[in-house]
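Examining the three-dimensional arrangement
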Amino acid sequence: MARVDTDFRNAGYRALTLRHEHDKKRFFTAHGYTSLPRLAVDLSPFGLFTDYDPAWRYAVKPLDPAVTFASRRGLTTVTGLLA
């Protein structure tokens, strides 16, 4: 997983986002991801993008210090993806 992080960071990606099964939450959090029941991304100035599927969770890992989590409309939201 560390190699994947490094490769994507070096390629200019600001974050990794993966959809995963509920029982894989512990695996992803152990590797530095935040596991969320709903993906919410602030794509300012375009607005808030959300995706939800009850069968899946979303693992998110910032690769750039500008990418953070904030609360938007009651959702844990990924911010800072667009420079």
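Residues numbered from 1 in each chain as written. Predicted model: local features only at pLDDT ≥ 70, side-chain atom pairs only at ≥ 80, totals over all residues. Heavy atoms only, no water.

For the rest of this paragraph, the subject is the pattern of salt bridges. Taken as a whole, this structure holds five salt bridges when the rule is applied. The partner of lysine 61 in a salt bridge is aspartate 5, with the nearest N and O atoms 2.4 Å apart. With lysine 61 in strand β5 (residues 57-62) and aspartate 5 in helix α1 (residues 2-10), this residue pair connects regions lying 56 residues apart in the sequence. Taken as a pair, lysine 61 and aspartate 5 share a single burial class, namely buried. For aspartate 23, the salt bridge goes to lysine 24, with nearest N and O atoms at 3.7 Å. For aspartate 23, a relative accessible area of 63% puts it in the exposed group. Take lysine 24: its relative accessible area is 36%, and that puts it in the partly exposed class. (Salt bridge = Lys/Arg side-chain N within 4 Å of Asp/Glu carboxyl O. Helix = DSSP H or I, 4+ residues; strand = E, 2+ residues; numbered from the N terminus. Buried < 20%, exposed > 50% of the residue type's maximum accessible area, 1.4 Å probe, protein only.)

Tracing the backbone through its elements, the reader meets threonine 79 in strand β7 (residues 75-79). The contacts of threonine 79, once residues within four sequence positions are left out, are Asp42, Ala66, Val67, Thr68, Ala70 and Arg72. (Contact = heavy atoms within 4.5 Å.)

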